[in-house]
Amino acid sequence: MKAPKTIHGFYFLLVLATSMVACKKEAVFQPRSKDYELTIKDNPSDPVDHAIFQFYENTGIPLFYNDTISREQVSVLDGVPQYAYQTLAIRYSLTGAYAGLSWTLLPNKEMLLPMLPFLKDKLLPQLTNVYPYPLASIFIVSSSRLRSFGEITYARNNKPFPGFNSLMLINVNPAEMSDSTQREYIADALGIMAYKMLKPAYDKGLANEFDKVTRSTSLDPQIYLNMLKLLSPDGTRKLEDFSFLPIRFTSGLAVGWTPLRQADFLSYIEAVFFYNNNPTAHFETDFAAYPLIIKKYRMVQKMLKNVGFNIAD
């Protein structure tokens, strides 16, 4: 995959309406802002930095292991040089800052080397036709903590996070992961980016039919973020009976509770990416007993196709 070598850190959150999808297939990604340019310089004397530069050359995506990416001397005060620092705007969005987000840098930058071919081969090819282009750079960390995201008010620790100008990912060694675990990792990364792209339109009513399916399963108006025992006094009904995916699909969800509306939507996005072109698992087989779950899954498949993701039928 080859992309432009100059990537600018500006996220466009506007999702095109379904009626305009036919036009976006002809669109070619072009740099959109000149205020925050993210580039990588080669350092042949350092094997890690050189490998990152080769990754950048091959993909067009800058990759960083430190959120402070450059400094420039701007003045001298009392004989002491003064510097301006360029940092990745991980915590910021157009709607505010995520004060509850923190991360730990890699203790050893060599740890990220196994990730480079993994991201190049497994993640980036799935973004080539997506519009607007959702990825300005990648930031690899050792661990992360996040109290809430996009109205999802329970913790999402060690999960991908789509910052203003960089996708933050937890460092992993693919050689130590099963195929299923690798798929979960990539699905989480694609899922959170797609969620960020789709959420504005979702909030404006694009997914009304999605929510109607959920609400049709209960007369209780508080179907979201409610205790299952209150929705099912006899104790026989489970998440799937209310068209929610099992708890393993919803990060941070407490046992015995239904998810938030936004978390329900995100769980389906991640599920679509996990099952997409998966030769060992089939969603409609796994959930054959729950036709409403399959209905919601197909709705999300269509949404993702409409913004350019290559989703199999």
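Residues numbered from 1 in each chain as written. Predicted model: local features only at pLDDT ≥ 70, side-chain atom pairs only at ≥ 80, totals over all residues. Heavy atoms only, no water.

Enquirer: Would you mind going over helix H2 (residues 47-59) in detail, with residue names and values included?
Expert: In a regular helix each residue adds 1.5 Å, so 13 residues correspond to 18 Å; H2 covers 18 Å between its end C-alpha atoms and thus fits that length. If you check which residues of H2 are buried, you get Val48, Asp49, Ala51, Ile52, Phe53, Phe55, Tyr56 and Thr59. In this structure Asp46 caps H2, since a side-chain oxygen of it lies 2.9 Å from the backbone nitrogen of Val48. With its phi angle positive at about 80 degrees, Gly60 sits one or two positions after the end of H2. (Helix = DSSP H or I, 4+ residues; strand = E, 2+ residues; numbered from the N terminus. Expected span 1.5 Å × (residues − 1). Buried < 20%, exposed > 50% of the residue type's maximum accessible area, 1.4 Å probe, protein only. Polar contact = N/O pair within 3.5 Å; in protein donor to acceptor, adjacent residues only side chain to side chain.)

Enquirer: Tell me about the environment of Val300, residues and numbers included.
Expert: Structurally, Val300 is set in helix H9 (residues 291-306). Its relative accessible area of 0% is what places Val300 among the buried residues. Separated by 31 residues in the primary sequence, Val300 and Ile269 place their C-alpha atoms 6.3 Å from one another. Here Val300 is in contact with Phe210, Phe265, Tyr268, Ile269 and Val272, once residues within four sequence places are set aside. (Contact = heavy atoms within 4.5 Å.)

Enquirer: Go over the sheet that holds strand S3 (residues 63-64) with me, naming the residues and quoting the values.
Expert: For sheets, the rule is that strands pair by backbone hydrogen bonds, running either parallel or antiparallel. Pairing in this open sheet of four strands is mixed, and the strands run S3-S9-S12-S11 from one edge to the other. Two strands in the sheet have a free side with no partner beyond their single neighbour: S3 and strand S11 (161-162). The pairing of S3 with strand S9 (residues 138-141) spans two bridges and is classified as parallel. Bridge assignment links Phe64 to a residue of S9, and that residue is Phe139. Those strands touched by helix H3 (residues 115-123) are S3, S9 and strand S12 (167-170), and its axis lies near 120 degrees from that of S12. (Pairing = 2+ DSSP bridges. Axes fitted to C-alpha atoms, helices over the stretch in contact; angles between N-to-C directions.)

Enquirer: Outline the nonpolar core, listing residues and values.
Expert: Looking at soluble globular proteins, one finds that nonpolar side chains tend to be buried together. Formed by 91 residues in total, the largest nonpolar core has its most connected members in Leu119, Leu123, Ile138, Phe283, Leu304 and Phe309. Of the residues forming this core, the biggest block, 12 residues, is contributed by helix H4 (residues 179-206). Other than its neighbours up to four places away in sequence, Phe309 contacts Gln126, Leu127, Val130, Leu190, Ala194, Met197, Phe273 and Leu304. (Core = buried A, V, L, I, M, F, W, Y, C linked by side-chain atoms within 4.5 Å.)

Enquirer: Any details on the pattern of salt bridges? Residues and values, ideally.
Expert: What the rule picks out here adds up to 11 salt bridges. For the salt bridge of Lys159 with Asp188, the shortest nitrogen-to-oxygen distance reads 2.7 Å. Placement of Lys159 in the loop between strand S10 (143-146) and S11 and of Asp188 in helix H4 is noted, with a sequence separation of 29 residues between them. Assigned by exposure class, Lys159 and Asp188 land together as buried. Put simply, Asp179 and Arg183 hold a salt bridge, and the shortest N to O gap is 3.2 Å. On the criterion of helical spacing, the pair formed by Asp179 and Arg183 is a turn pair, its members being four residues apart in helix H4. Several salt bridges converge on common partners, so that one network encompasses Asp46, Asp49 and Lys109. (Salt bridge = Lys/Arg side-chain N within 4 Å of Asp/Glu carboxyl O.)

Enquirer: How would you summarise the pairing of S12 if you had to cite specific residues and measurements?
Expert: Along S12, one buried face is formed by Leu167 and Leu169 and the opposite face, lined by Met168 and Ile170, is buried too. As judged from the four bridges shared by S9 and S12, these two strands associate in the parallel manner. In the sheet register, Phe139 faces S12, and the bridge partner there is Met168. Both S11 and S12 contribute to a ladder of two bridges, which runs antiparallel. Note that in S12 the partner of Pro162 across the bridge is Leu167. Between S11 and the antiparallel strand that follows it, S12, lie four residues.

Enquirer: Kindly report on unusual backbone geometry, identifying the contributing residues and their values.
Expert: The residue Leu225 is not glycine, and still its phi comes out positive at about 50 degrees. Structurally, the position occupied by Leu225 is in the loop between helix H5 (208-215) and helix H6 (228-231). You will see that Ser243, though not glycine, has its phi angle at about 70 degrees, which is positive. Mapping Ser243 onto the fold places it in the loop between H6 and helix H7 (261-275). The exposure class assigned to Ser243 is buried, which follows from its relative accessible area of 1%.

Enquirer: Go over the side chain of Asp46, please, and point to the residues and values.
Expert: The residue Asp46 is located in the loop between strand S2 (37-38) and H2 in this model. Classification of Asp46 as buried rests on a relative accessible area of 16%. From its side chain, Asp46 meets the backbone nitrogen of Val48 in a polar contact 2.9 Å long.

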